[in-house]
Amino acid sequence: MTNSVRVVLPSLFFAWLLGLNASAATHLASKFVEPLQSTQAPAPREPQTTVPNPVSQADPIPRPTIQIPRVSRPPKLDDFINNTPREAEAKVTGFRQRDPHDGEAVSKPTTGYLSYDDKNLYVVIECKDDPGLVRAHMSKREEVFGDDLVAVFLDTFHDHRRAYEFFVNPLGIQADGIAVEGQNDDLSFDTLWHSEGRLTPDGFITLIAIPFKSLRFSGEDGKTWGIALFRGFARNNEQTFWPYITRKIQGFTPQMANATGFERISSGRNIQVIPYGSFTSARFLDEDVPAFLTRHDPRAGVDAKIVLHDSLTLDLTFNPDFSQVESDEPQVTVNQRFEVFFPEKRPFFVENSGYFQTPETLFFSRRIADPQIGVRLTGKVGRWAIAGLAMDDRAPGKRVSEDDQSRGDRAAIGVIRVQREIGKESSIGVIATSRDFASSSNRVLAMDTRIKLGRNWVFQGQAIASETRDLDGAHSAGPAYSLGVLHDNRDVTYNLFYTYRSPGFRSELGFVPRVDIREIDQFFSYRWRPKKGIVQAFGPNLFLSVNWDREGRVQDWRVNLPWEVAFNNTRIFVRRTEFYELFQGRGFREHTNDFVFSSDWLKWLSVSASVSTGAGVNFFPAAGLAPSSASSFNSQGGLTFKPTAQLRFDQTYLYQRLGARPAIGQAEGLAHGAILNNHILRSKLNYQFSRALSVRAIIDYNAILPNTGLVNLERTKQLTGDVLVTYLLNPGTALYVGYTSRFENLAIDRTGIPLLRRTLAPSTNVGGQFFVKMSYLFRF
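Just so it is clear, the model here is predicted, and its values are computed rather than measured.

Time to look at the overall build of the chain. Helix and strand content of the chain: six helices and 40 strands. Classification of the 780 residues of the chain by burial places 52% in the buried group. Once local pairs closer than 6 in sequence are excluded, the contacts in the chain between residues at least 24 apart make up 60%. Total accessible area computed for the chain in this model is approximately 34,300 Å², and 58% of it derives from carbon and sulfur atoms.

With that settled, consider the side chain of Thr720. Relative to the assigned elements, Thr720 resides in strand E35 (residues 716-730). The exposure class assigned to Thr720 is buried, which follows from its relative accessible area of 18%. Ignoring anything within four residues of it in the chain, the contact list for Thr720 reads Ile698, Ile699, Asp700, Thr740, Ser741 and Arg742.

Our next topic: unusual backbone geometry. Going from Asp99 to Pro100, the amide bond is cis rather than trans, its omega being 0 degrees. Assignment of secondary structure puts Pro100 in the loop between strand E3 (96-99) and strand E4 (110-116). Here the bond from Trp242 into Pro243 is cis, since omega is 0 degrees, no more than 30 degrees from zero. The topology assignment puts Pro243 in the loop between strand E12 (238-242) and strand E13 (257-260).

Take the pairing of strand E22 (residues 457-469) next. Here 13 bridges tie strand E21 (residues 440-453) to E22, and the two strands are oriented antiparallel to one another. Within E22, the residue paired with Met447 across the bridge is Ala463. The hairpin formed by E21 and E22 contains three residues between the paired strands, and Gly454 there has a positive phi angle of roughly 85 degrees. As paired elements, E22 and strand E23 (residues 475-488) share 13 bridges and run antiparallel to each other. Pairing of Ala465 across the sheet is with Pro479, part of E23. Taking the residues that link successive antiparallel strands as the turn, the E22-E23 hairpin has five residues, and the phi of Gly473 there is positive, at about 90 degrees.

Now for the pairing of strand E32 (residues 647-660). A regular strand places its side chains so that they alternate between the two faces of the sheet. By the bridge criterion, twelve bridges tie strand E31 (residues 628-641) to E32 in an arrangement that is antiparallel. Paired with Gln636 across the strands is Leu654, a residue of E32.

Time to look at the environment of Ile386. Secondary-structure assignment places Ile386 in strand E18 (residues 384-393). Judged by relative accessible area, Ile386 falls into the partly exposed class, the value being 22%. Distance from Ile386 to Gly429, taken between C-alpha atoms, is 9.5 Å for residues 43 residues apart in sequence. If sequence neighbours within four positions are ignored, Ile386 has contacts with Leu312, Tyr355, Leu377, Thr378, Gly379, Arg417 and Val418.

A cluster of nonpolar side chains, contributed by Phe689, Leu693, Val725, Tyr727, Leu729, Leu735 and Met774, occupies part of the molecular surface with about 620 Å² of accessible area. Within the secondary structure, Tyr727 sits in strand E35.

Taken in spatial order, the five strands make up an open sheet running E2-E4-E5-E10-E9, and their pairing is antiparallel. Looking along the sheet, the strands with just one partner apiece sit at the ends: strand E2 (90-92) and strand E9 (194-200). Ignoring which end each strand starts from, the neighbouring axes of this sheet average 15 degrees apart. By the bridge criterion, seven bridges tie E9 to strand E10 (residues 203-211) in an arrangement that is antiparallel.

Here the structure, examined in full by the defined rule, presents 46 salt bridges. For Arg299, the salt bridge goes to Asp370, with nearest N and O atoms at 4.0 Å. Here the residue Arg299 occupies a position in strand E15 (residues 291-308), and Asp370 occupies one in the loop between helix H4 (347-350) and strand E17 (373-381), the gap between them amounting to 71 residues. Arg299 gets classed as partly exposed once you look at its relative accessible area, which sits at 27%. Arg527 is the salt-bridge partner of Glu564, the closest N and O atoms lying 2.7 Å from each other.

Counting residues in hydrophobic clusters, the biggest one holds 38 residues, and the most contacted among them are Leu114, Val152, Leu154, Leu215, Trp225 and Ile227. Those residues in contact with Ile227 that lie beyond four places of it in its chain are Ile66, Ile68, Leu114, Val152, Phe153, Leu154, Trp242, Pro243, Met256, Ala257 and Ala259. Phe349, Val444, Phe505 and Leu509 belong to the second largest nonpolar core, which has 21 residues in total.

This part takes up the packing of aromatic side chains. Scanning the model with the defined rule gives 31 aromatic pairs in all. Ring centres of Phe212 and Phe217 lie 6.2 Å apart, and the angle between their planes is 70 degrees; this geometry places the pair in the edge-to-face category. Of the two residues, Phe212 and Phe217, both sit in the buried class. Following the ring pairs from residue to residue traces out a cluster consisting of Phe145, Phe153, Phe167, Phe230, Phe241 and Phe252. A cation over an aromatic ring shows up here: Arg86 above the ring of Phe80, its NZ or CZ 3.9 Å from the ring centre.

Basis of the calculations
- All residue numbers refer to position in the chain's written sequence, counted from 1.
- Since the coordinates come from a predicted model, pLDDT governs what is reported: local features require at least 70, and pairs of side-chain atoms require 80 or more to be given and counted, while whole-chain, interface and lining totals use all residues.
- Side-chain metrics in this entry use all non-hydrogen atoms of the structure; hydrogen atoms and water are not considered.
- Labels follow the DSSP assignment, with helices taken as runs of H or I lasting at least four residues and strands as runs of E lasting at least two, numbered in each case from the N terminus.
- Each residue's exposure class comes from its accessible area (1.4 Å probe, protein chains only) as a fraction of the maximum for that residue type: buried when under 20%, exposed when over 50%, partly exposed otherwise.
- By the convention used here, residues are in contact when the closest approach between their heavy atoms is within 4.5 Å.
- Using the Shrake-Rupley algorithm and a 1.4 Å probe, accessible areas are obtained, with residue cover drawn only from the displayed protein chains.
- Two strands form a pair only when DSSP identifies at least two bridges running between them.
- Within this analysis, patches are made of residues with over 30% relative accessible area and no salt bridge. Like charges are joined at 9 Å or less; nonpolar side chains (Val, Leu, Ile, Met, Phe, Trp, Tyr) at 5 Å or less.
- Counted as salt bridges are all cases of a side-chain nitrogen of Lys or Arg within 4 Å of a carboxyl oxygen of Asp or Glu.
- In this analysis, axes come from line fits to C-alpha atoms, helices being fitted only over the stretch in contact, and the angle between any two N-to-C directions falls in the range 0 to 180 degrees.
- For our purposes a nonpolar core is just a set of buried Ala, Val, Leu, Ile, Met, Phe, Trp, Tyr and Cys residues, chained together by side-chain atoms within 4.5 Å.
- Between the rings of Phe, Tyr and Trp (Trp by its six-membered ring), a pair exists once the centres lie within 6.5 Å; its type follows the angle of the planes, with under 30 degrees stacked, over 60 edge-to-face, and the other angles tilted.
- Only when the NZ atom of a Lys or the CZ atom of an Arg is both within 6 Å of the ring centre and within 35 degrees of the ring normal do we say a charge sits over the ring.

Given below as structure tokens:
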């Protein structure tokens, strides 16, 4: 069967599901066949590693087994550096590349040593290299992914689905996360563990000590875990693993080695309590009055964590600290049809968030704004993964008017998620969410599955039902479902998805920006990978999408035709897109020409740039005008400058321009004039005095400069300064002291009744805030 037939048949099948007649389905498929002769693959995922490896390259599925010995005293780096005699340890060599040359030996000698005692698992990784080429910075926790790295991955339930990730740079700076099959790596996970790292005359060496209290696992003696070691070279993107982990088959955790020898280990009595206190003093402009107000806000609360039977975690929180110390990364939000996604950063929600993930995002924790009390249970029991959350939210009762009966009421929120393993790499699950506020309610119930179809294919699907009652008594209900097949190997990636959401479907706790869709998406990519030279991979991508509403009208379609070349530390990406969208009953043909460049070739400098030009739509025209076609220009530039191991400077600039096309320009007398310009600038400076102590300063500038005769936007300029001193001893023990000040182009006109008016420059301080926040981890 040819590649074109393999792609067309699924297209015809899904078109049939949509209710298209045969000729329409054939016409749709014919549009897709020609481009699918050339295609590309998505960016690689984070790295992993192996020992003397008896596994042949031809058949990489059998996994080696390693027995890890118990020791009577913890290993020390000095013992390895000085060749001091040590107790027996499991020694692993034979690391092999996954990138850039899948299956080849690691380019520099790498050795791992593993052992454990009653309290900790110990991993020492010795890396030979030219010290002048090693990249290592005294950075903040989690900001290590531009450095050389080593890591250990642990599948503690040996279920081939979920693994802890512990990364360390050559100076011992940490990053941790959770890898879940079928999901993006969750690097927001934080736990308590210990690490050291030292540069040596012939490379570097690291020590990782992971307390069993920080892991969840079955408490049975003789339990087998999955394990992998990793070494990454920042200068050429080389990723190596023990055992050999290849891109030739789909999946990461199923390729880990088997670790045995664990006897008499337990997390023991495992209770964590993190009390916190904070104080905020703010002066801000109340735009409703308008007048400046001052507020002092002391706050205290406590989080508690109880580990049950080594495998379940019960989290309790009272008056939780849901402040966000770090600001969101800048994004363009003007002239966007749908809600822009901002990721969760609050600690209580990010931990174990992967348990609640499903193909459709039915639980998006940023929907909970101001809780007072909550409880969450997550973990595994046998082949069952369970998660539950119950919480209140005071925010809805504060948003309504003073005379509203629901003023001061709270929303009641509940989420339950259960998954059951099927076989070695498949699962089925259900999720239920509930939100009640005053007389309104929203219920969502869904079932999903993920089934491994051989070495390279995966099927996933989800069926959902929702029922909603609004405050005014209006009732809506409707189903949604999605189906998908995914293929992944070293050279070829192919994904096919079908998504249906009825007009009445709503998920108030989820992130579902659009309903009334029947959408088919296809992605295909191919990569050539030269064995020699500076080019690591190159090839095309193809993305095809078409979407109908419930009446069978095409709402939008898209064809993306990119080409990518990846060098050792440099990436070049070019793309032509053609797309159509139906907006307010009118169809618009659009296109873009895109260019993306990024490079961190130099040890001390990383740069990136992107440019996109084409034709777009003015979605929010001024009063009396209809949405119209417009020329579009978007660009983004960034650099990271690291002149020393402790100093880091990041600069980001985003620019968006929507221009009047000739027909509009002539009608308005503004030939080729601007509809809007949006400038977003961020400068960020961080100095790391030690692993724990840092100071960070940010300056943000955001200017929206519209032609108010063409677009329904106000001219705004914001300038924000932000200084933060952080002492982070571990993820639970920290002290933050900060000050934020925001200026806008606003002034109070006091010539009569006080009114706000816009000025040319952001010269008025509309909000200043000083805050202190402290937390401490008690572990029993």
